Amino acid sequence: MAAQEIDNSTTWGKELWDQFDNIATHTQKGIDFIERFGGFIRDRSAIEVEYALKLRRLVKNYQPKKSKEDEENEFSSLIAFKNVLKEVADLAGQREVVAENLQNQVLQGILLLAKNLREERKKALNQGASLTQSLHTQIGTLDRAKRSYEKAFREAEKAIESYHKADADFHLSRADVEKQRVNMNIRNSQSEDAKSEYANQLQITNKQQQQHYQIALPEVFNRLQELDEKRTRGMKEFIKRSADVEYEVSPIIAHCLEGIVKAADSINEKDDSMIVIEKYQSGFQPPGDIPFEDLSKPDPDAANNSQTHNSSTGLNHMTGKGTTKDKLKKRVGIFGIFTGNKNNLSTDGLKEDFSDLPPTQRRKKLTAKVQELQQKVAQEQAASDGLMKMKGVYEANSMLGDPRTVEEQLNESVNRLDRLRHELLRYQKLLEQANNQSFIQHSPQSNRVIQNGQRSSRHSNGSSNHENSHEDNGEDHPDDAGSLSRSASESSVQQAQNGLNINNNGSASPESGLGTSHTSLPGSGQGSTNEQPMNEEFYEADTPLGTCRALYPFDATSEGSIPMSEGEELQVIEVDQGDGWTRVRRFSSKGWEEGFVPTSYIECTLYA
């Protein structure tokens, strides 16, 4: 009760009975304020949405590109970063939840409250204005009654005074005196009536004014006070609700942050270092010491070296087109991406037997290929067994289906299975050869030493390292880029026997600018008397894709191209790869010539 009495003693109706205009202004400002708070929640929600959108865009922009090789050997730091991106994406989702809850639970409530407060305030102010107007009207009536009474009272006094003067004047007749007496009585009667009316209106006004200031208007003010307190209480609740929206997602956000810390703890620098070793280990041994060469002593192999040097000179400085060594190297660098038999390349740009990789990497690739083929064989075998069972069921009960419909699928499955098994056997043999290959190999850089200020092949023909010039025993031999396949090894031995400047690894010496790969231009190895057999073997792998006829003459002014005359027939070795050039080959008095010609200058007829 005491608290209620205190509340009643501090109401607006009692304390602010004469502040109608100020109360109206205050309540309007309060409603404007809560609407402004609603605008703050709206803008904050928009910022949360924008923040979440930018977080998602950030995650998308920094998402690592997927790679099959990276999936096999992923660094712990990369895996951790992917997990961090995942947690950040979850954080973005929580910010979207915050924005949605702020809009639905806070902003909508603020807008509804402001609408209701505005309507209630309008009704209260209209009622207060009506009460005030009624009181003012009554006060006006009282003022008019008071003025009438004052006027009647003055006229009555004046009539009394006139009557007394007339009664004292002996010159006036009795009738004039009577007339003044009658007028006096009339004015007195009017004065009394006005006085009575004034007293009556005063009583009514005082009663209405008392009712207005003590009951009617305080009720209006108390309603406005309740309205304003409701607005203040709503403000409090909405602020707390906006904080609760954050509290609701804080456990999930904390979990995301814990995930980020966990991702960071999962990073292991030692494991990543081992992955680098696994990824890039070549299997070669570091080069040995470079031997001292005493130029004062006669070299027993000088003649052989001289002969080899001359052969190399002829090989290096004259190609099928008469280009120099430097130009040949430059041309190989330019056209290397167009040359070579692309049928021997896998989808990742490596050779099918991975002979262009170092030994360790080759063994890893071959092992992965064998496992992949084993899995495919198992899957295809399961599919074939299923078709066989289905065929048996159909043969046992023809009502279930026609067994002939399964035969075609079964034959295709058997053919695919045979191809897979054949390919699996081939890669198993390659893997066995790679595993049997000796690990004690020098890196390609160790096969070259500095002689007279120039780089030359350390194991070229006629050198002292005859132990490395062993015969082909069917094993793969490492070339400058790794180990070669059986065909490449046999080709290198054949070329070495023909007296060319080829090292024991099956690759041409660095001076020649050539190698066993097809990136070297044809016709550039013609420095030996036995060049024709080499060319035949060299081009054995490059099966022509078709023929072409020259529509216009071409002078071959650019490097790597060959001239042709109008109407000349040539072999197509490689079709246009989109650069406007076609790789062709022809036989001339100098032997086989190969190079590029403009695609628009020829008319091609490819084999089916």
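Above this text is the structure in question.
In what follows, the accompanying structure is described. (Residues numbered from 1 in each chain as written. Predicted model: local features only at pLDDT ≥ 70, side-chain atom pairs only at ≥ 80, totals over all residues. Heavy atoms only, no water.)

1. With respect to the overall build of the chain
Point 1. A tally of regular secondary structure across the chain gives 13 helices and nine strands.
Point 2. A burial count over the chain gives 36% of its 608 residues as buried.
Point 3. The contacts in the chain between residues at least 6 apart in sequence include a share of 71% that link residues at least 24 apart.
Point 4. If you sum the accessible surface of the chain, you get close to 36700 Å²; carbon and sulfur atoms cover 52% of it. (Helix = DSSP H or I, 4+ residues; strand = E, 2+ residues; numbered from the N terminus. Buried < 20%, exposed > 50% of the residue type's maximum accessible area, 1.4 Å probe, protein only. Contact = heavy atoms within 4.5 Å. Areas by Shrake-Rupley, 256 points an atom, 1.4 Å probe, with all protein chains shown as cover.)

2. Side note on the pattern of salt bridges
Point 1. Taken as a whole, this structure holds 21 salt bridges when the rule is applied.
Point 2. Three or more residues joined by partner-sharing salt bridges are found here, namely Arg 44, Glu 48, Arg 95 and Glu 246. (Salt bridge = Lys/Arg side-chain N within 4 Å of Asp/Glu carboxyl O.)

3. Focus: the packing of helix α10 (residues 359-396) against helix α11 (residues 404-436)
Point 1. Viewed as axis vectors pointing N to C, α10 and α11 meet at an angle of 160°, and their least axial separation amounts to 8 Å. Classified by the interaxial angle, the pair formed by α10 and α11 is roughly antiparallel. Along this stretch, α10 crosses α11, giving a crossing that reads as left-handed.
Point 2. Taken together, the residues of the contact of α10 with α11 break down into 19 nonpolar, nine polar and ten charged. (Axes fitted to C-alpha atoms, helices over the stretch in contact; angles between N-to-C directions. Parallel < 35°, antiparallel > 145°, perpendicular 65-115°, else oblique. Left-handed = near helix turned anticlockwise from the far one by under 90°. Nonpolar A, V, L, I, M, F, W, Y, C, P; charged D, E, K, R; others polar.)

4. Section: the sheet that holds strand β9 (residues 602-606)
Point 1. Overall, antiparallel pairing links the five strands, which are arranged β8-β7-β6-β5-β9 in an open sheet. One side of each edge strand has no neighbouring strand; the edge strands of this open sheet are β8 (591-598) and β9. Here the strands of the sheet are splayed against their neighbours by 35° on average, with no regard to which way each runs.
Point 2. With four bridges connecting them, strand β5 (residues 546-550) and strand β6 (residues 569-574) associate as antiparallel partners. Counted as the bridge partner of Gly 546 is Val 572 from β6. (Pairing = 2+ DSSP bridges.)

5. Quick look at the side chain of Gln 225
Point 1. On the secondary structure map, Gln 225 appears in helix α6 (residues 174-265).
Point 2. Each residue touching Gln 225, except ones within four places of it in the same chain, is listed here: Thr 10, Thr 11 and Trp 12.

6. What about the environment of Asn 185?
Point 1. Relative to the elements of secondary structure, Asn 185 occurs in helix α6.
Point 2. Taking the relative accessible area as the measure of exposure, Asn 185 reaches 36% and is therefore partly exposed.
Point 3. With 22 residues separating them in the primary sequence, Asn 185 and Tyr 163 have C-alpha atoms 9.8 Å apart.

7. Some details on the pairing of β8
Point 1. Within β8, eight of the eight residues are buried, which leaves the element mostly enclosed by the surrounding structure.
Point 2. As defined by bridge partners, strand β7 (residues 581-588) adjoins β8 across eight bridges and the pair is classed as antiparallel. Residue Phe 587 lies in a different strand from β8, and its bridge partner there is Trp 592.
Point 3. The loop that links β7 with its antiparallel partner β8 comprises two residues.

8. Some words on the packing of aromatic side chains
Point 1. Taken as a whole and judged by the stated rule, the model has nine aromatic pairs.
Point 2. Aromatic pair Trp 17 and Tyr 213: ring centres 5.3 Å apart, planes at 90°, arrangement edge-to-face. Here Trp 17, found in the loop between α2 (12-15) and α3 (20-61), pairs with Tyr 213, found in helix α6; they are 196 residues apart in sequence, far enough to count as distant.
Point 3. Owing to a relative accessible area of 41%, Trp 17 belongs among the partly exposed residues under this scheme.
Point 4. When its relative accessible area of 30% is taken as the criterion, Tyr 213 is described as partly exposed.
Point 5. Between Tyr 552 and Tyr 601 the ring centres are 5.7 Å apart and the planes differ by 75°, which places this aromatic pair in the edge-to-face class. Here Tyr 601 lies in the loop between β8 and β9 and Tyr 552 lies in the loop between β5 and β6, a separation of 49 residues in the sequence.
Point 6. The rings of Tyr 552, Phe 554, Trp 581 and Tyr 601 are connected pair by pair, giving a single aromatic cluster. (Phe/Tyr/Trp six-rings, centres within 6.5 Å; stacked < 30°, edge-to-face > 60°.)

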